[in-house]
Amino acid sequence: MSDPLASAGTASTPAVAAGDELVRVENMVKHFPVRAGGLFRRSVGQVHAVDDVSLSIPRGQTLGLVGETGSGKSTLARCVAGLIPVTSGRVTFDGRDITNLSRGAMRPIRREVQMIFQDPYSSLNPRRRVGSIIGDPFAIHKTSTGGERKRQVQDLMERVGLNPEHYNRFPAEFSGGQRQRIGVARALALRPKLIICDEPVSALDVSIQAQVLNLLADLQRDFGLTYLFIAHDLEVVRHVSDSVAVMYLGRIGESGPRDPVYRSPRHPYTVALLSAAPAADPDTAAARQRIILTGDVPSPIDPPSGCRFHPRCPKAEAVCGQQEPQLEAKAGDAATHLTACHFPVQAGENLAAAGRSEPT
Amino acid sequence: MTLLEVKDLTVSFPTSDGVVRAVRGVSFGVEAGRTLGIVGESGSGKTVLTQTLLGLTPGAEVGGQALFDGTDLLQLNEAQMRDVRGARIAVIFQDPLTSLHPLYKVGWQIAEMVRAHDKSVTKQQAHTRAVELLGRVGIPRPDRRVDDYPHQFSGGMRQRAMIAMALSLSPQMIIADEPTTALDATVQAQIIDLLLRLQRESNTALIMITHDLGVVADIADEVMVMYAGRAAEKAPKRDVFYAPHHPYTKGLLESIPSSSAAGGRLKPIPGSPPSLINLPSGCKFHPRCGYVLDRCLAEEPMLRPVGQDGFHSSACWLPLQAAGLSEQAEKLRAETVREGRGEAAAEVYEAEIAEALGSEGSVAG
C-alpha cells in the first residue's frame, strides 16, 4: 500500500489523452449565494454545489455521473451545458473554451449540446402540438422553415420510434415512454455532439425503461453521440457508461473506467453505494453485506472539513477530518482509476464489519 | 394464521369516458410476521387495491371480500373503518413530504395520531410517546427533533417520521406504498433495514407495494405480480425470480439492466400497458407477449397452480412445466407456440415485432 499522502496536490485532472476528448472540465467550482431575507438580500453563506471538479469525456463515449440528492451532479451538468455560469474553473468543449461565454457567443455551441430531462410530463408544454415542440430547435436556430421543417420533424419522430402521423397530437395523448421519446427527438433535432441526460429513465416503468435505454444506445452508435449520463440507479449507469464518476457533496470521490470502479471500488462511499443498491436477485440480496451508512448527507452550505465523507465513513481516522484527500490513482489501480481517499478500500475488505455508530 | 384474506376483490370507477376497471378479481392472503410484495407498473391496480382495503377509494364500485382478523373490511362504515385505519392497519406512502402537514410540528402530528385513537392519553403522554417513537426509528436527538417542522427534516428522516407515525398505535399490519422510491440508494437501504427490524420485533404483517424488483428481492416472502388489474403470477419470492412462469414476469426480469449484460442490448417488453377503460380481449398481456397463442386472444386465463407445492400460481395458457429461464423451459414454450399459434395470433405477434423494431428506431437511418 502506498503512502496515501505522498502524491497529494498534483493529480487532480483525469489522465485522458487530449485530442479525442469532447468535453473537458477543469477545477470547476459553482457556489450559490445564500441570501438573508430583507431589503438588501445580504449574502450570508455559500452553497458549495460543485467544488473543484475535473473530468473529461472522450468523443463518442458515455460518462456516467452517480451521486445522491445534493451531490451536485445536476449543477455540474447545467454548468457544462452553459445554462448557468460557473464560479471558477474552465469548461472546454470540442477544443474551445466555453466558460462563461456571452449569450451570442454561446449560441452556436448550444446547437451542439442538448439536454434530456427526467420528467417527461413537465418538460413538454401540454398546450403545444408534438410536431411544433420537436420543431422548436429548427425554429430557434432558423435552420429550416415550413414544409422542410415538417419533413425533418417527421423523420426525427420515426427515428425515435414515434409514429410520424402523430405530428399534430398533444403530449397528453402519449404515454410516459413515448413522451420521453419526444424529449429525445427534440434533443436530437440539430444533430448535437453532446447530449446531457439528466435521469432520463427514472420516471419510467421498468419495461419501458429498457426501450428508452436501447434507443439511446442506438442513437449513440448511429450518430457518434457523446453522453453525460446522470442517474441514481447504479445498474442503469453501469449498463450505459464507459466510465463513471461518483460525486459526494460537490466533489468527485472516485472516477474511472466502468468495470474497475464497479468491480473493485476503492472509495468507502462508492462501496457503500454499491452495497446499498437493490439487486433483483434474492440470492445476491441475501448474500450481500449491506453497509448501512449512518446519518444524512451534511449540508453543502457548511460542508465538513477535510474529506467531506468523513463524518459518515466507517474507515475515518483523525487525518480525514483535517486533510482533504486528492483524487489520484491508488497503488495497484490503473492510471485512469482515481480515488480521493486517505484509506482506500482493499480487495476483500469488509466495511460492513468496520461500521461504527455515529455519535450525533 | 392468515391475518388478511382478500377474496376476488374488484374495484371499478365510473368516469365520463367509461368504466375504469382498476382491479378485476384479485385474491391473496398475508400472514402475521410475513411480507407480501406487490409488484406492478403504473396502472396495474396495485395502489387502488390497497387503498380500497382501507376505504380510501370513494366513488368506486367495490366487490369481493377482505377479511382482516375475521372482519370484512369492505363492509365497515366510515366510523368503524376509522378505528381500523391507522390503529390496526397503518399506511406509509411514497412521498413523505406530501403526507406530513407542513404547518404542524412532526412530534405534534405523531402525538395527534395517538390521541385521535385513544382520548384517555394526555397531551404530555402523547408527546413522550412521540419522542420515544422517533428514537425507535433512528432519528438522532429525538427529544429536540420532535419540535421540528417537516421541512427541517431530510427526505430519509421524513420517511422515518412517517414510519414512526405508522408504528404509533402498534398496528397488526403495515401497508407500505413505494416507501423508498423517492429516496436515495443509501437512505433506501436504511429504511428497508428499519422496516425489517421493526417487523421482526413486533411480528407485524407487511404489504410492500413497489415497482422495484430489487426491493422485492430484498424483503418479500411472497410476491404477487400484477398486470392490468389482476394477479399475473403469485409465488414465494425465489420462484418468482428463478422460475417465473408468466411471460410478463419473465419480461420484467429480463428488462432490468444487470451486471452480466453491461453494455449489451436490453430486452424490453414491447408496447405499453393497456388502458383500463378499453382492455384488450382475452389475456390482457397478449398484445405485448412474445408467446401469444390463438387461445390468448379469446380466453382470459385464470390463476392456476404451476408448481408441485401449490404455492406458485400463474395466469397464463402456457403449459404448467414452462416455468423458469432454462433452455428446456424455453424449448417447451417454443413448441407450444408452434402448435397453438394460428393466423390470428401470428398477426398480433408480427405487430409486436414491428412495434419493437420501430420503437428502437431502426426503421429509418
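Conventions and cut-offs
Residues numbered from 1 in each chain as written. Chains lettered and ligands numbered in written order. Predicted model: local features only at pLDDT ≥ 70, side-chain atom pairs only at ≥ 80, totals over all residues. Helix = DSSP H or I, 4+ residues; strand = E, 2+ residues; numbered from the N terminus. Rg over C-alpha atoms; globule rule 2.2 N^0.38 Å. Buried ≥ 20, exposed ≤ 12 C-beta atoms within 10 Å, placed from the backbone. Pairing = 2+ DSSP bridges. Contact = placed C-beta atoms within 7 Å. Axes fitted to C-alpha atoms, helices over the stretch in contact; angles between N-to-C directions. Nonpolar A, V, L, I, M, F, W, Y, C, P; charged D, E, K, R; others polar. pLDDT = per-residue confidence, 0-100.

**Student:** Help me out: how do you make sense of the overall build of chain B in this one?
**Tutor:** Within chain B, the regular secondary structure consists of 14 helices and 12 strands. Computed over the C-alpha atoms, the radius of gyration of chain B is 22 Å, within 12% of the 21 Å expected from 2.2 N^0.38 for a compact globule of 365 residues. Across its three principal axes, chain B shows a C-alpha extent of roughly 75 × 45 × 45 Å. For chain B, with 365 residues in total, the buried portion stands at 49%.

**Student:** Sorry, what's going on with the overall build of chain A here?
**Tutor:** Of the regular secondary structure elements, chain A holds 12 helices and 12 strands. The C-alpha atoms of chain A give 22 Å as radius of gyration, which agrees with the globular expectation for 360 residues (21 Å, within 12%). For the C-alpha atoms alone, the extent of chain A along its principal axes is close to 70 × 55 × 45 Å. Within chain A, the fraction of its 360 residues that count as buried is 48%.

**Student:** Any chance you could explain the sheet that holds strand β7 (residues 194-198) of chain A here in plain terms?
**Tutor:** Strands in a sheet are paired, the pairing made by backbone hydrogen bonds, and the direction either parallel or antiparallel. All names here are of chain A. Strand order across the open sheet formed by eight strands is β6-β7-β8-β3-β9-β10-β12-β11, with mixed pairing between neighbours. Whereas interior strands pair on both sides, the edge strands pair on one side only; in this sheet they are β6 (113-116) and β11 (328-329). Contacts from helix α5 (residues 176-188) reach β6 and β7, with the element oriented near 175° to β6.

**Student:** Where do I start with the interface of chain B and chain A in this structure?
**Tutor:** Quite often, the size of an interface is put as the accessible area lost when its parts meet. The interface is formed by 49 residues belonging to chain B together with 42 residues belonging to chain A. Mapped onto the side of chain B that touches chain A, the elements with two or more residues apiece are α7 (155-167), α8 (185-202), α9 (213-219), α10 (237-242), α11 (247-255) and α14 (343-359) of chain B. Considering each element in turn, the side of chain B that touches chain A owes the most residues, six residues, to α8(B). Taken together, the residues that form the side of chain B that touches chain A break down as 18 nonpolar, 20 polar and 11 charged.

**Student:** I would appreciate a short explanation of the confidence of the model for chain A in the present structure.
**Tutor:** Reading predicted coordinates in detail is not appropriate for stretches of low pLDDT. Chain-level statistics for chain A give a pLDDT mean of 87 and a share of 92% at 70 or above. Taken together, the stretch residues 1-18 of chain A has pLDDT below 50 and engages in 29 contacts with residues farther than four places along the chain or on a different chain.

**Student:** Help me understand helix α1 (residues 73-80) of chain A in this model?
**Tutor:** Side chains of residues three or four places apart in an α-helix project in the same direction, reflecting 3.6 residues per turn. Residues and elements named next belong to chain A. Summarising burial for α1: six of the eight residues are buried, a large majority. All of the buried residues along α1 are K73, S74, T75, L76, C79 and V80. Looking one or two residues past α1, G82 carries a phi angle of roughly 75°, positive in sign.

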